[in-house]
Amino acid sequence: MRKKILSLLLSVAMVASMMVPAMAEETTEAAEAAAAVDMEGVDVENTKIGISIYKFDDNFMTLYRTELVRYLTEDLGFKEENITVTDGKNDQAEQTNQINNFITAGVNVMILNLVQSSSAPQVTDLCNDAGIPVVYINRQPEEAESNRWADEGIKATYVGADARQSGTYQGEEILETSNGGDINGDGKVSYIMVQGDPENIDAQNRTEYSVKALTDAGVEVEELLLQRGDWDQAKGQQIVQDALTQFGDQIEVVFCNNDAMALGALQAIQAAGRVVNEDIYLVGVDALTDALQNIQDGNMTGTVFNDHIGQSHMAADTAVKFLKGEEVEPVIMVDYIKATADNAADILALLQ
Ligand code: GAL
């Protein structure tokens, strides 16, 4: 396992030297801290951990939860039989039920990917009343809520990534193309936006900041369509298929809030006989293996690595801090990394 972590660090360092040094250094630091977390005084034999994922049927969160459980057991030494992972089935009532069951079962800490981040105040109170610390992941509760944890000394925190950064990187990837996204040379970039679940801050911020990167650079933009695809590949495909029928060659850029939807978009683009990086650009977020391979093959313009490794390790380490009674910041962010043809191979190596 040491080896795996080392190769991970090396690869991150490699990516760092190629792309965004300051940022990837922090990711490396996060991984280093993760590898070195002090387990002294933690009862790894008996500690019970309750984990709930908003739904199992989500490509990115499947990678995340797999790595989280692997890290907790293989690297930190917790017992598999003491870790319960439940499927929230995209239903907050169902998930709240699971959280109540965790309380009854007497878990020592919870790691929660809420179905609705707006339910954080209620869930936090449930956990706090039961004296159980909680690490929220992936779906960020509102700032007022995380401020409340800090103000009232509640043992709750959010570990995630700042979606504004991923949106900005998507916009930059378009700006970095040979024509800055203006394929037809009419002085503006005409795009469609395939959005995740709009209740989710990741979806809101990626939508806003991808376009903001263009307008901040003084580029004129035209939004042809914005539609929700709920992070789902099949929905992404349908939306882009319909958009290509409606707007045809007018579409120069397809922004997708995640890679699953971008992979669906790619199917629609290819079926319509359009050629990515020649007559249309396509960007996503997450750095799923399929997306990275398509970037290498020239079928996608770029993506942004949503570092599920750094995030899951940080979430687990933070849970350990709670178990040890240490102070924890209310919000902990792990950096995104830009992923284009220049470094797709390095990120693929990191994921292997
Ligand atoms: C995002 C990720 C999406 C989806 C979503 C779920 O961070 O990019 O692919 O997993 O989280 O909340």
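Bear in mind the structure is a predicted one, so any value in this text is a computation, not a measurement.

Here the focus is the site of the ligand. Near the ligand you find Tyr54, Asp58, Phe60, Asn138, Arg139, Asn200, Asp202, Arg206, Trp231, Asn258, Asp286 and Asn306, and these make up its full shell. Asp202 is positioned such that a nitrogen or oxygen atom in its side chain is 2.7 Å from an oxygen atom of the ligand. At a separation of 3.2 Å, an oxygen atom of the ligand approaches a polar side-chain atom of Asn306. Here the ligand loses 99% of its free accessible area of 310 Å² to cover by the protein chains. Looking at the shell around the ligand residue by residue, the classes come out as 3 nonpolar, 4 polar and 5 charged.

Take the sheet that holds strand β8 (residues 253-256) next. With respect to topology, 4 strands assemble into an open sheet ordered β7-β6-β8-β9, the strand pairing being parallel. At either margin of the open sheet sits one strand with a lone partner, and together these are β7 (220-228) and β9 (281-283). When strand polarity is set aside, the average angle formed by the axes of neighbouring strands in this sheet is 20°. Taken strand by strand, helix α7 (residues 163-175) contacts β8 and β9, and its axis lies near 160° from that of β8. Sitting on the sheet, helix α8 (residues 201-216) touches β6 (188-195), β7 and β8, and the angle it makes with β6 is about 170°.

What follows deals with the environment of Gly302. Residue position: Gly302 is located in the loop between α11 (289-296) and β10 (303-305). Once the C-alpha coordinates of Gly302 and Ala291 are considered, the two residues, 11 residues apart in sequence, prove to be 8.2 Å apart. Setting aside residues up to four positions removed in sequence, Gly302 forms contacts with Glu173, Leu282, Val283, Gly284, Ile295 and Ala339.

Scanning the model with the defined rule gives 20 salt bridges in all. A salt bridge links Asp162 to Arg164; the nearest nitrogen and oxygen atoms lie 2.8 Å apart. For the salt bridge of Glu176 with Lys338, the shortest nitrogen-to-oxygen distance reads 2.8 Å. With a gap of 162 residues between them, Glu176 in the loop between α7 and β6 and Lys338 in strand β12 (residues 337-339) connect regions that are remote in the sequence. With relative accessibility at 52%, the residue Glu176 sits in the exposed group. The class for Lys338 is buried, based on a relative accessible area of 7%. Salt bridges sharing common partners tie together Glu67, Arg70, Glu74 and Asp75.

Moving on to the packing of helix α9 (residues 233-247) against helix α10 (residues 259-271). Two numbers describe how α9 lies on α10: the axes approach to 7 Å, and their chain directions differ by 40°. When the axis of α9 is compared with that of α10, the two are oblique. The hand of the α9/α10 crossing is right-handed. Here Gln233, Gly236, Gln237, Val240, Gln241 and Leu244 of α9 lie close against α10, whose contacting residues are Ala260, Met261, Leu263, Gly264, Ala265, Gln267, Ala268 and Ile269. For the contact of α9 with α10, the class distribution of residues is 8 nonpolar, 6 polar and no charged.

What follows is about the sheet that holds strand β5 (residues 156-160). Pairing within the open sheet is parallel, and its 6 strands lie in the order β2-β1-β3-β4-β5-β11. Each of the sheet's edge strands pairs with one partner strand only, and the pair in question is β2 (83-87) and β11 (331-333). With strand direction ignored, the average angle separating the axes of adjacent strands in the sheet is 15°. Pairing of strand β4 (residues 134-137) with β5, which is carried by 4 bridges, proceeds in the parallel orientation.

Glancing now at the packing of α10 against α11. Closest axis-to-axis distance for the α10/α11 pair is 9 Å, and the angle between their directions is 50°. What the angle tells us is that α10 and α11 run oblique. For α10 against α11, the interelement crossing comes out left-handed. In contact with Asp259, Leu263 and Leu266 of α10, α11 contributes Asp290, Ala291 and Asn294. Split by residue class, the contact of α10 with α11 holds 3 nonpolar, 1 polar and 2 charged.

As for its position among the elements, Thr96 is in helix α4 (residues 92-105). With 19 residues separating them along the chain, Thr96 and Val115 place their C-alpha atoms 9.3 Å apart. Excluding residues that lie within four positions of it along the chain, Thr96 makes contacts with Gln122 and Leu126.

Procedures and definitions
- Residues numbered from 1 in each chain as written.
- Predicted model: local features only at pLDDT ≥ 70, side-chain atom pairs only at ≥ 80, totals over all residues.
- Heavy atoms only, no water.
- Near = heavy atom within 4 Å.
- Polar contact = N/O pair within 3.5 Å; in protein donor to acceptor, adjacent residues only side chain to side chain.
- Areas by Shrake-Rupley, 256 points an atom, 1.4 Å probe, with all protein chains shown as cover.
- Nonpolar A, V, L, I, M, F, W, Y, C, P; charged D, E, K, R; others polar.
- Pairing = 2+ DSSP bridges.
- Helix = DSSP H or I, 4+ residues; strand = E, 2+ residues; numbered from the N terminus.
- Axes fitted to C-alpha atoms, helices over the stretch in contact; angles between N-to-C directions.
- Contact = heavy atoms within 4.5 Å.
- Salt bridge = Lys/Arg side-chain N within 4 Å of Asp/Glu carboxyl O.
- Buried < 20%, exposed > 50% of the residue type's maximum accessible area, 1.4 Å probe, protein only.
- Parallel < 35°, antiparallel > 145°, perpendicular 65-115°, else oblique.
- Left-handed = near helix turned anticlockwise from the far one by under 90°.

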